[in-house]
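Breakdown of the fold
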Amino acid sequence: MRKPLVAAFFALAIAGAGAAPAVAAPTGAPANAAGAQRAQAASPTLQAVNFAGTVSLSNCSGSVIRFPASADTDPALVLTNGHCLETGFPSPGQVITGQSSTRSFGLLNSAGTRVGTLRANQVVYSTMTDTDVTIYRTTTTYASIRSTYGINALTVQDTHPVAGTAITVASGYWKRLYNCNIDGFVYRLKEGDWTWKDSVRYTSACNTIGGTSGSPVIDQSTGKVVAVNNTGNEDGERCTVNNPCEVDQNGTVTVRQGINYAEETYQIPACFTTGNRLNLSASGCTLPKP
């Protein structure tokens, strides 16, 4: 796991408070047909990504997100990792919904300056099974954030990301941007007791560190969130905490020290309905259920 900052100061054996799971090195082929797609058209126009809409947590990074169908009057949501949950790592197979929360987030502007504080009133969804996400509901709306701070939420893309895409991992904790490309997709990424499906593998330029857990992974051509940063293989170990390994469809394990990973987010919008309400029974919703 890409450890939260506090955990980064302790021995790797301490898998506690907010440490992000480590990422395993990818094997060769993308996980599925969608992952295998490569951009065949002319190169898209890229844009510089900044910090607007990102947030800092006590030990992780995150972002204010909205979905294609979200309304300005909806309560704003914050996305980070499951392993950044303030009450500790969700167990394998555990899905948390509707949990009360008063967590605060430092809202950043385009320059990375903290301009305000947002506060949660609920953990809408959190899990480390199949993916590694926590989604908080805040006490304010998108319209209020824009009118008060001049900042728009980041939109979550609702289609599978594409290998080769130029991306930026934007860490609100460190106020640091990592630029690289999507190298491919991992059928199964295993770290300690947790397993994630169809994970994003970065090219080596995104050498993320502890505290970057939960950072949005932003497509430079669209400005949309395509994944959430969560781990990397630090020591070359095999499938241990902070040393994830890749497992392909045949069960072959590959370890790539120094390579980092993220979990896709395209499947999340289908699980939210009018008013940014979670509906895990909605048509097309494939997120793990309690």
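One can find the structure itself at the top, above this paragraph.
Just so it is clear, the structure is predicted and the values come from calculations on it, not from any experiment.

With the rule as written, the count across this model stands at four aromatic pairs. With a centroid separation of 5.5 Å and 75° between ring planes, the pair formed by Phe89 and Trp194 is classed as edge-to-face. With Phe89 in the loop between strand S3 (75–80) and strand S4 (95–100) and Trp194 in strand S11 (residues 194–202), this residue pair connects regions lying 105 residues apart in the sequence. Arranged with centres 5.3 Å apart and planes meeting at 70°, the rings of Tyr173 and Trp174 form a pair that is edge-to-face.

Let us look at the state of the cysteines. In this structure the tally under the stated criterion is four disulfides. Disulfide pairing places Cys180 opposite Cys206 at an S-S distance of 2.1 Å. Around the S-S axis, the bridge from Cys180 to Cys206 shows a dihedral of about -100° and counts as left-handed. One end of the pair, Cys180, is in strand S10 (residues 176–191); the other, Cys206, is in the loop between S11 and strand S12 (216–219), with 26 residues separating them in the sequence.

As a further point, take the pattern of salt bridges. For the structure on display, the rule yields six salt bridges. One salt bridge in this structure joins Arg146 and Asp72, with 2.9 Å as the shortest N-O distance. Of this pair, Arg146 sits in helix H3 (residues 142–149) while Asp72 sits in the loop between strand S2 (61–66) and S3, placing them 74 residues apart in sequence. The residue Glu246 makes a salt bridge to Arg201 at a minimum N-O spacing of 3.4 Å. With a gap of 45 residues between them, Glu246 in strand S14 (residues 245–247) and Arg201 in strand S11 connect regions that are remote in the sequence. Each member of the pair, Glu246 as well as Arg201, is classed as buried. In the salt-bridge network here, residues are joined through shared partners; they are Arg66, Asp72 and Arg146.

Quick notes on the rules
Residues numbered from 1 in each chain as written. Predicted model: local features only at pLDDT ≥ 70, side-chain atom pairs only at ≥ 80, totals over all residues. Heavy atoms only, no water. Phe/Tyr/Trp six-rings, centres within 6.5 Å; stacked < 30°, edge-to-face > 60°. Helix = DSSP H or I, 4+ residues; strand = E, 2+ residues; numbered from the N terminus. Disulfide = S-S within 2.5 Å. Salt bridge = Lys/Arg side-chain N within 4 Å of Asp/Glu carboxyl O. Buried < 20%, exposed > 50% of the residue type's maximum accessible area, 1.4 Å probe, protein only.

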